[in-house]
Amino acid sequence: MILEQDIVSLTDFARKTRKHTADLKRHGRPRVLTHNGRASAVVLSVRVYEQLLHDAEEHRLDLRLRKALNDYAGGQRGTAATKAFQTIRARAAKRRAEK
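What counts, and at which threshold
- Residues numbered from 1 in each chain as written.
- Predicted model: local features only at pLDDT ≥ 70, side-chain atom pairs only at ≥ 80, totals over all residues.
- Heavy atoms only, no water.
- Core = buried A, V, L, I, M, F, W, Y, C linked by side-chain atoms within 4.5 Å.
- Buried < 20%, exposed > 50% of the residue type's maximum accessible area, 1.4 Å probe, protein only.
- Contact = heavy atoms within 4.5 Å.
- Helix = DSSP H or I, 4+ residues; strand = E, 2+ residues; numbered from the N terminus.
- Pairing = 2+ DSSP bridges.
- Expected span 1.5 Å × (residues − 1).
- Patch = residues over 30% accessible without salt bridge, like charges linked within 9 Å, V, L, I, M, F, W, Y side chains within 5 Å.
- Areas by Shrake-Rupley, 256 points an atom, 1.4 Å probe, with all protein chains shown as cover.
- Salt bridge = Lys/Arg side-chain N within 4 Å of Asp/Glu carboxyl O.
- Axes fitted to C-alpha atoms, helices over the stretch in contact; angles between N-to-C directions.

A. Up close: the nonpolar core. Val 8, Phe 13, Leu 24, Leu 33 and Val 43 form the largest nonpolar core, which has five residues in total. With residues up to four places along the chain from it excluded, the contact list for Val 43 reads Phe 13, Leu 24, Pro 30, Arg 31 and Leu 33.

Okay, structure coming up:
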């Protein structure tokens, strides 16, 4: 939820950068920067940004795991180990050859 105090003009943010960055660290809420009265950018603290990246990666991995479990339940048992290792070796050889 974006609160009114989290909406700041780009000019005000530029003039009071230290104050705004301290507030970002303290509260952890994003700031919406406006230009000519319209939202133009969102600024996050590093901690919040890293958490957002972590959460997105967790979600992506969760989706992959769910798909794999559904495939397995549906009878798709994946790739045989010998075929998988052949594919990995072929890719590695191709990468070495490209260097």
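B. Layout of the environment of Ala 92. Note on placement: Ala 92 falls in helix α4 (residues 81–98). Among the residues examined, Ala 92 registers a relative accessible area of 25% and is labelled partly exposed.

C. Highlighting the pairing of strand β3 (residues 38–43). Of the pairings in the sheet, the one linking strand β2 (residues 31–35) to β3 comprises five bridges and is antiparallel in character. From the neighbouring strand, Arg 31 faces β3, where its bridge partner is Val 43.

D. Here's a closer look at α4. Spanning 18 residues, α4 covers 26 Å between terminal C-alpha atoms, matching the ideal 26 Å at 1.5 Å per step. Counting buried positions along α4 gives zero out of 18 residues, so the element sits mostly on the surface.

E. Inspection of a nonpolar patch on the surface at higher detail. Nonpolar side chains collect at one region of the surface, where Tyr 49, Leu 52 and Leu 53 lie side by side and expose about 310 Å² of accessible area between them. As for its placement among the helices and strands, Leu 52 is situated in helix α3 (residues 46–73).

F. Up close: the sheet that holds strand β1 (residues 7–9). Taken together, the three strands give an open sheet; going across it, the order is β1-β2-β3, and neighbouring strands pair in mixed fashion. Strand pairing shows two members of the sheet lacking a second neighbour, β1 and β3, which therefore form its edges. On average, adjacent strands in this sheet sit at an angle of 35° to one another, irrespective of strand direction.

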